[in-house]
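Structural overview
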Protein chains: 2
Amino acid sequence: MAERKGKTFTFEKEIRVLSSAGVAGRLEGEGPLGKCFDRVFEDTTMGEACWEKAESDLLTAAIRTALKKSNLEEDKIDAVFAGDLLNQCISSSFSLRELNVPFCGMFGACSTMALSSLAACLAVESGAMSTCMAATSSHFCSAEKQFRFPLEYGGQRTPTAQRTVTGAGALILSESHSKNLPRVKAAHLGTVQDLGIIDSTNMGAAMAPAAAKTISDFLRDTNTLPSNYDMLLTGDLGLVGSRLLRELLLKEDNIDISTVHQDCGLMIFDRDSQDVHSGGSGCGCCASVLCSHILDEMRRGKIRNLLFVATGALMSPVSSREGESIPGIAHLLHFVI
Amino acid sequence: MAERKGKTFTFEKEIRVLSSAGVAGRLEGEGPLGKCFDRVFEDTTMGEACWEKAESDLLTAAIRTALKKSNLEEDKIDAVFAGDLLNQCISSSFSLRELNVPFCGMFGACSTMALSSLAACLAVESGAMSTCMAATSSHFCSAEKQFRFPLEYGGQRTPTAQRTVTGAGALILSESHSKNLPRVKAAHLGTVQDLGIIDSTNMGAAMAPAAAKTISDFLRDTNTLPSNYDMLLTGDLGLVGSRLLRELLLKEDNIDISTVHQDCGLMIFDRDSQDVHSGGSGCGCCASVLCSHILDEMRRGKIRNLLFVATGALMSPVSSREGESIPGIAHLLHFVI
């Protein structure tokens, strides 16, 4: 039985990452983490006629690679928890259509990697399932088409805009006593926060308050400090959102995360040499970084105590056109090894 | 600890419905279940300037009514599990923005009521949460606008088409030993099924194979027969999908559900006097029917042993335009009292 304190729950079972895989596109492959991904696809059409199918193929590649690395057949997976940014989550649904595995559809926008992993942990902890997968994807071209402008339009992006990562991540969770596998020790489900940001080209600012609240609540619930962790890894706040998060935590809660904070959106690209403005974003950003580089660093013992906080902007182009501000959310997982 | 057999899990805890609420629009209020809903809104704009906000208000009304009926304050709810059919699930996100409660976003299309309840049960069973809410909504006008044609176009619907229900449902789940509250005894997470239906005006046919598989798998896992249940209630297969489901189960698995099968999409409207073609559909269809009429019938002891099977069509207008067939999914909950 998981133990609750505030809104944070600690798992009794040793729920560990049996395997994980992060895949990415060409530009991500040319970035600082290029060599860390399990697969890099030079042709981001994936040989498909449309971007949605290409994204779905990326997700399938991450899922298949994670399965292969675990040496498990798909019938050993009790369920896949997955979602994505496309309308009606078609990247996930169409990818899962190829697998004969129960499917729990999730929606957390760019927080999906944390949300789906959290839900998978609840399933394992409850005993209802033994081995679960969590997965998500995004694709620069399907996201631009759906959320912003057709690529052919050649629209200029604002300095605060982030570049949706073409990538996907998948990880397999199960009870295990192998001390050399990363363990999900605790988790914290976020609450919607909306400070009134209406600029949909500044997602970092819209999501930072949600990250601040989740981090602050978690540290209070667990009576810990940022310095108790090797790394506090946010999903895709980018440059603008990361600065805001540090500022918010410092000014409002007197919490200084500057020595341990990193952001997947800033790690995945080299902002000096790659044209990505405020950094990377999208479900696939922190999914591909967590499921490759970060969990590998944990397996190597380089990171032993990680807070992973993935943020999501829960808006749609329709809600923005209707004048609504952008609600944000942040879910947290505490990994140890 | 939940017990697994095949893909079905039985909860060890007595997870019961503390309260539930179903709300609906004018047309649904004029239907056979009109008097059963907790609230009927004559003005389905809900006083808002756009349909998405109206749908979100409906969901809020269901959530608030369920809370009121439970006599719980919102801070006693550990999380709300919710989702809807709108792009990026904005009905749920914007509704949840008003509540200061952790939010687990789900995507299951019209299966969301079963999916979100199932996930909430896993959270309670795991011990991570004590009291959870599951909720979902749909609105005829927001669905037509997004999935089909603008209402002003006055498009004709095909005979197989269903009418999206304007409605929402919410229920609160917690461990309880009150024998007079409906209990979720077991659940079964569905697997994506796609038999190649490409007609997006015939969702019942697209979803029937998924319902057949989930029902057949559940009956085999539990070694039970349809006659062991008072009612086998499907979500929104409508007339065409319901006939197909019965036929599929009879021909392929020799399972006859005709004496116990009912469909929320057929119950909510009077097809003779209301212009709804093949019946009702949408997340709000089975959500409003389950959370009002059906659970009330259980509380009255009229239904003691219910299989609730909600189906979803995991497509988007984009996937249909790209020539894809429609993947279906069905999730099952077994309620007893």
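Residues numbered from 1 in each chain as written. Chains lettered and ligands numbered in written order. Predicted model: local features only at pLDDT ≥ 70, side-chain atom pairs only at ≥ 80, totals over all residues. Heavy atoms only, no water.

**A few points about the overall build of chain A**
Under the convention used in this document: The helix and strand labels rest on DSSP assignments: H or I over at least four residues marks a helix, E over at least two residues marks a strand, and numbering proceeds from the N terminus. As a reference, a globule follows 2.2 Å times the number of residues to the power 0.38, and the radius of gyration itself is taken over C-alpha atoms. Buried, partly exposed and exposed residues are distinguished by accessible area as a fraction of the type maximum, computed with a 1.4 Å probe on protein chains only: under 20%, between the cut-offs, and over 50%, respectively. A contact between two residues is defined here by any heavy atoms of the two lying within 4.5 Å. Only the protein chains shown count as cover for residues, and all accessible areas are computed by the Shrake-Rupley method using a 1.4 Å probe. We count Lys and Arg on the positive side and Asp and Glu on the negative side, and we leave His and both chain ends out. By convention, charge coordinates are those of NZ in Lys, CZ in Arg, CG in Asp, or CD in Glu.
Helices and strands together make up the secondary structure of chain A, namely ten helices and 14 strands. Over its C-alpha trace chain A gives a radius of gyration of 18 Å, about what one expects of a compact globule, namely 20 Å for 337 residues. Along the first, second and third principal axes, the C-alpha atoms of chain A reach 55 × 50 × 35 Å. Taken across its 337 residues, chain A has 67% of its residues classed as buried. Contacts spanning at least 24 positions in sequence make up 78% of the contacts within chain A whose residues lie at least 6 apart. Total accessible area on chain A is roughly 11,500 Å²; 47% of this is exposed by carbon and sulfur atoms. Separation of charge centres in chain A, based on 32 positive and 40 negative side chains, amounts to 4 Å.

**Notes on the side chain of S319 of chain A**
Within the secondary structure, S319 of chain A is located in helix α10 (residues 317-321). The exposure class of S319 of chain A is buried, given its relative accessible area of 2%. Non-local contacts of S319 of chain A, meaning those with residues more than four positions away in its chain, are made with E324 of chain A together with I90 and F94 of chain B.

**Quick notes on the packing of helix α2 (residues 51-70) of chain B against helix α5 (residues 140-147) of chain B**
Residues and elements named next belong to chain B. What counts here: To get an axis, fit a line to the C-alpha atoms, keeping to the stretch in contact for a helix; angles then go from 0 to 180 degrees between the N-to-C directions. Oblique is the label for any angle not covered by the other classes, which are roughly parallel (under 35 degrees), roughly antiparallel (over 145) and roughly perpendicular (65 to 115). The crossing is said to be left-handed when, going from far helix to near helix, the turn is anticlockwise and less than a right angle, and right-handed when the turn is clockwise.
Two numbers describe how α2 lies on α5: the axes approach to 8 Å, and their chain directions differ by 140°. Here α2 is positioned oblique relative to α5, judged by the angle of their axes. Crossing of α2 over α5 shows left-handed handedness. Note on element contacts: α5 touches α2 through C141, S142 and K145, opposite W51, E52 and E55.

**Describing the pattern of salt bridges**
The cut-off we apply is this: What makes a salt bridge here is a side-chain nitrogen of Lys or Arg within 4 Å of a carboxyl oxygen of Asp or Glu, nothing more.
Throughout the structure, instances matching the rule amount to 36 salt bridges over all chains. For D38 of chain A, the salt bridge identified is with K69 of chain A, shortest N-O distance 2.5 Å. Linking D38 of chain A in the loop between α1 (26-29) and β3 (39-41) with K69 of chain A in helix α2 (residues 51-70), this pair joins segments that are 31 residues apart in sequence. Residue D38 of chain A is classed as partly exposed on the basis of its relative accessible area, which comes to 29%. Measuring nitrogen to oxygen at the nearest pair gives 2.6 Å for the salt bridge that ties R97 of chain A to D194 of chain B. Of this pair, R97 of chain A sits in the loop between α3 (90-96) and β5 (103-105) while D194 of chain B sits in the loop between β9 (183-188) and α6 (203-222), which puts the two residues in different chains. On the accessibility criterion, D194 of chain B (22% relative accessible area) is partly exposed. Taken together, the salt bridges that share partners define one network made up of K53, R97 and E98 of chain A together with D194 and E324 of chain B.

**What about the confidence of the model for chain A?**
Applied cut-off: Across the chain, each position has a pLDDT score giving the predictor's confidence in that residue, from 0 to 100.
Chain-level pLDDT for chain A is 96 on average; 100% of the residues reach the 70-or-more range. Across the whole predicted complex the pTM is 0.98, and at the interface the ipTM reaches 0.98.

**Considerations on the interface of chain B and chain A**
Selection criterion: When two parts are brought into contact, each loses some accessible area as probed by a 1.4 Å sphere; the total of that loss over both is the buried area. Ten residue types, Ala, Val, Leu, Ile, Met, Phe, Trp, Tyr, Cys and Pro, are classed as nonpolar, four, Asp, Glu, Lys and Arg, as charged, and the remainder, Gly among them, as polar.
With 60 residues of chain B at the contact, the number on the chain A side is 60 residues. When the two sides are added together, the surface that chain B and chain A hide from each other amounts to roughly 4,900 Å², 62% of it contributed by carbon and sulfur. There are ten salt bridges connecting chain B and chain A. Two residues, E324 of chain B and K53 of chain A, come together in a salt bridge whose shortest N-O distance is 3.3 Å. At the level of secondary structure, the elements contributing two or more residues to the side of chain B that touches chain A comprise β2 (8-25), α2, α3 (90-96), β5 (103-105), α4 (112-126), α5, α10 (317-321) and β14 (328-336) of chain B. Take the side of chain B that touches chain A: its biggest share by element is five residues, from α4 of chain B. Looking at the side of chain B that touches chain A residue by residue, the class counts come to 32 nonpolar, 15 polar and 13 charged.

**Describing the nonpolar core**
Operational definition: By convention a nonpolar core is built from buried Ala, Val, Leu, Ile, Met, Phe, Trp, Tyr and Cys residues, the set being connected through side-chain atoms within 4.5 Å.
In this structure, I63, M133 and L245 of chain A together with I63, M133 and L245 of chain B are the most contacted members of the largest nonpolar core, which totals 124 residues. What M133 of chain A contacts, discounting residues up to four positions off in sequence, is I63, A66, L67, I77, A79, V80, F81, A170, L171 and I172 of chain A. Counting 110 residues, the second-largest nonpolar core is a separate cluster that includes A24, C264, M267 and L333 of chain A.

**A short note on the relation of the copies chain B and chain A**
The condition is simple: The copies are overlaid by a least-squares fit using only the C-alpha atoms of residues whose pLDDT is at least 70 in both copies.
Structural alignment of chain B on chain A gives an RMSD of 0.0 Å, achieved by rotating through 180° and translating 0.0 Å along the axis. Considering both components of the superposition, the chain copies are consistent with a two-fold axis. In this assembly, 100% of the residues forming the interface of chain B have copies in chain A that are likewise at the interface, indicating an isologous arrangement.

**Re the packing of aromatic side chains**
Just so we agree on the cut-off: Pairing of aromatic rings covers Phe, Tyr and Trp, the last through its six-membered ring, and needs centres within 6.5 Å; plane angles under 30 degrees mean stacked, over 60 mean edge-to-face, and all others mean tilted. Criterion for a charge above a ring: Lys NZ or Arg CZ within 6 Å of the ring centre, and within 35 degrees of the ring normal.
According to the stated counting rule, one finds six aromatic pairs over all chains in the structure shown. Between F218 of chain A and Y229 of chain A, the aromatic rings sit 6.2 Å apart at their centres with planes inclined by 55°, giving tilted as the arrangement. Of the two residues, F218 of chain A sits in helix α6 (residues 203-222) while Y229 of chain A sits in the loop between α6 and β10 (231-234), which places them eleven residues apart along the sequence. Overall, the relative accessible area of 6% leaves Y229 of chain A in the buried class. The ring of F140 of chain B is capped by R163 of chain B, whose NZ or CZ atom sits 3.6 Å from the centre of that ring.

**Concerning the environment of V17 of chain B**
Residue and element names in this part refer to chain B. Topologically, V17 is positioned in strand β2. On the accessibility criterion, V17 (0% relative accessible area) is buried. Those residues in contact with V17, other than ones at most four positions away along the chain, are L171, I172, L173, L181, P182, L295, R299 and F335.

**Some remarks on helix α4 (residues 112-126) of chain A**
All names here are of chain A. Operational definition: By this rule the span expected of a helix is its residue count minus one, scaled by 1.5 Å.
Under the 1.5 Å per step criterion, the end-to-end length of α4 is 21 Å for 15 residues, consistent within 8% with the ideal 21 Å. The buried fraction of α4 is high, at 15 of 15 residues. Where α4 terminates, the next one or two residues include G127, which has phi positive at roughly 90°.

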